[in-house]
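# Fold and geometry: a report
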2 protein chains.
Amino acid sequence: MSTTIHLEKKVFSENDKLAAEIRFQLQKHQVASLNMVSSPGSGKTSLLEKTLQTLAKEIRIGMVAGDVQTENDANRLIKAGGENIKPLVTGGSCHLDARMISRVLPEMGIEELDLFIIENVGNLVCPSGYDLGEDMKVVLISVTEGDDKPLKYPAMFRRSSVMIINKIDMLELCDFNMETVKRNALQINGNLKIFEISCRSGQGLDQWYTWLKKIIAEKKNL
Amino acid sequence: MSTTIHLEKKVFSENDKLAAEIRFQLQKHQVASLNMVSSPGSGKTSLLEKTLQTLAKEIRIGMVAGDVQTENDANRLIKAGGENIKPLVTGGSCHLDARMISRVLPEMGIEELDLFIIENVGNLVCPSGYDLGEDMKVVLISVTEGDDKPLKYPAMFRRSSVMIINKIDMLELCDFNMETVKRNALQINGNLKIFEISCRSGQGLDQWYTWLKKIIAEKKNL
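The rules behind each value
- Residues numbered from 1 in each chain as written.
- Chains lettered and ligands numbered in written order.
- Predicted model: local features only at pLDDT ≥ 70, side-chain atom pairs only at ≥ 80, totals over all residues.
- Heavy atoms only, no water.
- Axes fitted to C-alpha atoms, helices over the stretch in contact; angles between N-to-C directions.
- Helix = DSSP H or I, 4+ residues; strand = E, 2+ residues; numbered from the N terminus.
- Parallel < 35°, antiparallel > 145°, perpendicular 65-115°, else oblique.
- Left-handed = near helix turned anticlockwise from the far one by under 90°.
- Contact = heavy atoms within 4.5 Å.
- Nonpolar A, V, L, I, M, F, W, Y, C, P; charged D, E, K, R; others polar.
- Pairing = 2+ DSSP bridges.
- Phe/Tyr/Trp six-rings, centres within 6.5 Å; stacked < 30°, edge-to-face > 60°.
- Buried < 20%, exposed > 50% of the residue type's maximum accessible area, 1.4 Å probe, protein only.
- Arc of directions from axis to C-beta.
- Core = buried A, V, L, I, M, F, W, Y, C linked by side-chain atoms within 4.5 Å.
- Buried area = accessible area lost by both parts, 1.4 Å probe.
- Salt bridge = Lys/Arg side-chain N within 4 Å of Asp/Glu carboxyl O.
- Polar contact = N/O pair within 3.5 Å; in protein donor to acceptor, adjacent residues only side chain to side chain.
- Expected span 1.5 Å × (residues − 1).
- Least-squares fit on C-alpha atoms with pLDDT ≥ 70 in both.

Attention now goes to the packing of helix 2 (residues 44-55) of chain A against helix 8 (residues 205-219) of chain A. Residue and element names in this part refer to chain A. Close contact between helix 2 and helix 8 brings their axes to 11 Å; oriented N to C, the two are set at 70°. When the axis of helix 2 is compared with that of helix 8, the two are roughly perpendicular. Considering the relative orientation of helix 2 and helix 8, their crossing is right-handed. On helix 8, the residues that touch Leu47, Lys50, Thr51, Thr54 and Leu55 of helix 2 are Leu205, Trp208, Tyr209, Leu212 and Lys213. Partitioning the contact of helix 2 with helix 8 into residue classes produces 6 nonpolar, 2 polar and 2 charged.

Following this line, the structure appears as structure tokens:
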């Protein structure tokens, strides 16, 4: 057992060191950065497609699309108008780590970016433990998943700064209570900023875009 | 790197040894056993609630409900009529392992069971790597998650014997093609048995119950 603990400590401190270097690079170039996390199928890629379609002409966005297998998400983001999209296939690993981001970052041209978004592997557990050098983790949940998820996967909600509730167009079809999910989430993390959106209907997306512009402006001290 | 590989090997072989012991016990008492895996919110607990409500009077069912945090799922299963339900809170771990099952199994009275079901932690990646001594892994996906999931999380679909497609009552509201998901899944694993169900409408559940009775009868050589 002591071996396991020792190894985890070592891995984490190496990850944290690399994450700190990434953060330093992003800060130096005043690039706002987000690490998007969720269950598989919550709608990370759909939200990023919409974001690119709406903002790619006025904001310089770079994205890394992480997946266990396939470059499908990266291809979807390129089709949506993304000009600076890198696939990152983990080949089995259940999360992205800072070493993977370090490898692709030099190809991103971050000195030319306003916003850098990492789409993590679909997994509500493991990605919570890995700092990737981002400003904030953004956790998505969809109303089809149930309003108990913050209580059942607390680490992810505790380490995120933003919670996006997606697929609200399906709210009436689901046993999902909006007040319950917010209470459950805020009980874990009282500082969560919350958005309610539907990528399908477009509802709530304007507030998300406005907030993205705000964090970019703040990062550039405008 | 070599340390990491060495450790994983050690952990896996210990897990496999314990899984073999669990399998031996279950076989000895002719108990059919399933390990239910899925993303968070695909409907594992809902399906198990329905299964208990329908079959608990004629089949002796024991269940272990695994969760990162909370005993909510176990409580739901008890409310649904489960008389032999054990919660298994991992306290952060992203999957169940054979050691955890070994600890609760002596309390389950397996010599009196027809069917033993393990509800794994909601995670489409990590639980695929851990044998729990079960006869089969059963992977659930819901139509709200998208039809690309078998390609993106191939290990889980390769190591499962059954794929259950849940929430088919929402099919028309989702960009989910039933033929595509089946093709994607069978491309990964040509032997998958497939069910299409809705826990909400009840559609397809009869086939699931019939199949459960069949595997129980086969296990008892009836």
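Here we take up the sheet that holds strand 7 (residues 193-196) of chain B. Residue and element names in this part refer to chain B. Taken together, 7 strands build an open sheet; the order of strands is 3-2-4-1-5-6-7 and the sheet is parallel. One side of each edge strand has no neighbouring strand; the edge strands of this open sheet are strand 3 (85-89) and strand 7. Neighbour-to-neighbour, the strand axes of the sheet open up by a mean angle of 20°, direction not taken into account. Where strand 2 (residues 61-67) meets strand 4 (residues 115-119), 5 bridges bridge the pair, whose relative direction is parallel. From the neighbouring strand, Gly62 faces strand 4, where its bridge partner is Phe116. Of the strands in this sheet, strand 1 (32-38), strand 2, strand 3, strand 4, strand 5 (136-142) and strand 6 (162-166) touch helix 2 (residues 44-55), which is tilted by about 150° from strand 1.

Summed over the entire model, instances satisfying the criterion amount to 6 aromatic pairs over all chains. Ring geometry for Phe195 of chain B versus Trp208 of chain B: centroids 5.9 Å apart, planes at 85°, classification edge-to-face. Placement of the pair is Phe195 of chain B in strand 7 and Trp208 of chain B in helix 8 (residues 205-219), with a sequence separation of 13 residues. Residues Phe195 of chain B and Trp208 of chain B agree in their burial class; the two are buried. Trp208 of chain B gets classed as buried once you look at its relative accessible area, which sits at 0%. One aromatic cluster is present, built from ring pairs that chain together Phe195, Trp208 and Trp211 of chain A.

Among all positions of helix 3 (residues 72-79) of chain A, only Asp73, Ala74 and Leu77 of chain A are buried. Down the axis of helix 3 of chain A, the smallest arc covering the buried residues is 100°, so these residues share one side. Structurally, helix 3 of chain A contributes buried residues whose contacts are with helix 2, strand 2 (61-67), strand 3 (85-89) and strand 4 (115-119) of chain A together with helix 5 (149-152) of chain B. At the C-terminal side of helix 3 of chain A, Gly81 of chain A shows a positive phi close to 110°.

We now examine the nonpolar core. Ile101 and Phe116 of chain A together with Ile101 and Phe116 of chain B are the most contacted members of the largest nonpolar core, which totals 89 residues. Excluding anything up to four places from it in sequence, Ile101 of chain A contacts Ile22, Val64, Leu88, Leu96, Phe116, Ile118 and Leu132 of chain A. Formed by 32 residues, the second largest nonpolar core is a distinct cluster that contains Ile117, Val138, Trp208 and Leu212 of chain B.

Right, let's get into the interface of chain B and chain A. Many analyses report the size of an interface as the accessible area lost when the parts associate. At the junction of the two partners, chain B supplies 36 residues and chain A supplies 36 residues. With both sides pooled, the region where chain B packs onto chain A buries about 2800 Å², and carbon together with sulfur makes up 59% of that total. Applying the counting criterion to the chain B and chain A interface returns 6 salt bridges. If you look at where chain B meets chain A, you find 11 residue pairs in polar contact (both at pLDDT 80 or more). Counting only elements with at least two residues in the side of chain B that touches chain A, the list comes to helix 1 (2-28), helix 3 (72-79) and helix 5 of chain B.

Residue and element names in this part refer to chain A. Over its 15 residues, helix 8 extends 21 Å from the first C-alpha to the last, a length consistent with the 21 Å expected when each residue adds 1.5 Å. Among all positions of helix 8, only Leu205, Trp208, Tyr209, Trp211, Leu212, Ile215, Ile216 and Lys219 are buried. Down the axis of helix 8, the smallest arc covering the buried residues is 160°, so these residues share one side. For helix 8, exposure combined with an orientation more than 90 degrees from the buried face picks out Asp206, Gln207 and Thr210. Positioned one or two residues after helix 8, Asn221 has a phi angle of 55°, which is positive.

Turning our attention to the relation of the copies chain B and chain A. For the pair chain B and chain A, the best superposition has an RMSD of 0.0 Å and corresponds to a rotation of 180° with a translation of 0.0 Å parallel to the axis. On this basis, the relationship between the two copies can be described by a two-fold rotation axis. Taken together, the interface assignments show that 100% of the residues at the interface of chain B recur at the interface of chain A, consistent with an identical surface on both copies.

Residue and element names in this part refer to chain A. Pairing within the open sheet is parallel, and its 7 strands lie in the order 3-2-4-1-5-6-7. In this open sheet, the two strands that pair with only one neighbour each are strand 3 and strand 7 (193-196). Strand-to-strand twist in this sheet, taken as the mean axis angle between neighbours without regard to direction, amounts to 20°. Of the strand pairs in this sheet, strand 1 (residues 32-38) and strand 4 are connected by 5 bridges, and their pairing is parallel. Its bridge partner being in strand 4, Ser33 is matched across the sheet by Phe116. Contacts from helix 8 reach strand 1, strand 4, strand 5 (136-142), strand 6 (162-166) and strand 7 within the one sheet, and its direction differs from that of strand 1 by about 140°.

Our next topic: the pattern of salt bridges. As a working rule, side chains carrying opposite charge can pair if their charged atoms are close by. Taken as a whole, this structure holds 32 salt bridges over all chains when the rule is applied. A salt bridge links Glu58 of chain B to Lys213 of chain B, with the shortest nitrogen-to-oxygen separation between them at 3.5 Å. In this pair, Glu58 of chain B is assigned in the loop between helix 2 and strand 2 and Lys213 of chain B in helix 8, connecting sequence segments 155 residues apart. The exposed category is assigned to Glu58 of chain B, whose relative accessible area is 51%. Here Lys213 of chain B falls in the partly exposed class, since its relative accessible area comes to 36%. Connected through shared salt-bridge partners, Asp67 and Asp73 of chain A together with Asp148, Lys149 and Lys152 of chain B make up one network.

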